[in-house]
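The residues making up each chain are set out below.
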Amino acid sequence: MLEDKLDMMAENEVTDSVGKKPFYYSKWWLVLWCFLLWPIGFIMLWGYFSNMRKSEMPRTRLIKDNLKDL
């Protein structure tokens, strides 16, 4: 009976399949990410924070700039 259990375990053994790799393991994705997508995201964040600074009310900006005067 013990040998039957061992045989069943050997039959259910999972093997690594040599199938397709995910796209993010490829070199073209690395090149695209490094030179195109990452800088675009950085520029978008920079623009967002710049726009937040411009859209503040003038009084809020004065309070933040001259905090030690309070």
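Values in this document were obtained by computation on a predicted structure and should not be read as measured data.

J.: Please explain the overall build of the protein as it appears in this structure.
T.: A tally of helices and strands in the protein yields three helices and zero strands. Secondary structure elements of the protein occur, N-terminal to C-terminal, as α-α-α. Expressed as a percentage of its 70 residues, the buried residues of the protein come to 3%. Surface summary for the protein: the accessible area is close to 7500 Å², and the carbon and sulfur share equals 66%.

J.: So what exactly am I meant to see when it comes to helix H2 (residues 27–54) here?
T.: Because an α-helix completes one turn every 3.6 residues, residues spaced three or four positions apart along the sequence face the same direction. The end-to-end C-alpha distance of H2, which contains 28 residues, comes to 40 Å, matching closely the 40 Å that a straight helix rising 1.5 Å per residue would cover. Trp 33 marks where H2 bends most, by close to 45°.

J.: What's the story with the packing of aromatic side chains in this structure? I'm lost.
T.: In this description, an aromatic ring pair is defined by two values, namely the gap between the centres and the angle between the planes. In total, this model carries seven aromatic pairs according to the counting rule given. Note on Trp 38 and Phe 42: the rings are 5.9 Å apart at their centroids and 10° apart in plane angle, and the pair reads as stacked. Residue Trp 38 and its partner Phe 42 are both found in helix H2; the two are separated by four residues, about one turn of the helix. Given a relative accessible area of 52%, Trp 38 falls into the exposed group. Ring geometry for Tyr 48 against Phe 49: centres 5.3 Å apart, planes inclined by 70°, an arrangement best described as edge-to-face.

J.: What is the right way to look at the confidence of the model for the protein in this model?
T.: As a note on interpretation, predicted positions should not be read in detail where pLDDT is low. Per-chain confidence: the protein averages 75 in pLDDT, with 64% of residues scoring 70 or above. At the level of individual helices and strands, the protein shows its lowest average pLDDT in helix H1 (residues 2–11), which scores 58, and its highest in H2, which scores 87.

J.: What am I meant to see in the side chain of Ser 26 here?
T.: Along the chain, Ser 26 turns up in the loop between H1 and H2. A polar contact is formed between the side chain of Ser 26 and the backbone oxygen of Phe 23, at a distance of 2.6 Å.

J.: Before we go on, may I ask you to explain a nonpolar patch on the surface in this structure?
T.: A contiguous nonpolar patch, built from Trp 33, Leu 36, Leu 37, Trp 38, Ile 40 and Met 44 and spanning about 630 Å² of accessible area, is present on the exposed surface. Positionally, Trp 33 belongs in helix H2.

Cut-offs applied
- Residues numbered from 1 in each chain as written.
- Predicted model: local features only at pLDDT ≥ 70, side-chain atom pairs only at ≥ 80, totals over all residues.
- Heavy atoms only, no water.
- Helix = DSSP H or I, 4+ residues; strand = E, 2+ residues; numbered from the N terminus.
- Buried < 20%, exposed > 50% of the residue type's maximum accessible area, 1.4 Å probe, protein only.
- Areas by Shrake-Rupley, 256 points an atom, 1.4 Å probe, with all protein chains shown as cover.
- Expected span 1.5 Å × (residues − 1).
- Bend = angle between axes of the 7 residues up to and from the residue.
- Phe/Tyr/Trp six-rings, centres within 6.5 Å; stacked < 30°, edge-to-face > 60°.
- pLDDT = per-residue confidence, 0-100.
- Polar contact = N/O pair within 3.5 Å; in protein donor to acceptor, adjacent residues only side chain to side chain.
- Patch = residues over 30% accessible without salt bridge, like charges linked within 9 Å, V, L, I, M, F, W, Y side chains within 5 Å.
- Salt bridge = Lys/Arg side-chain N within 4 Å of Asp/Glu carboxyl O.

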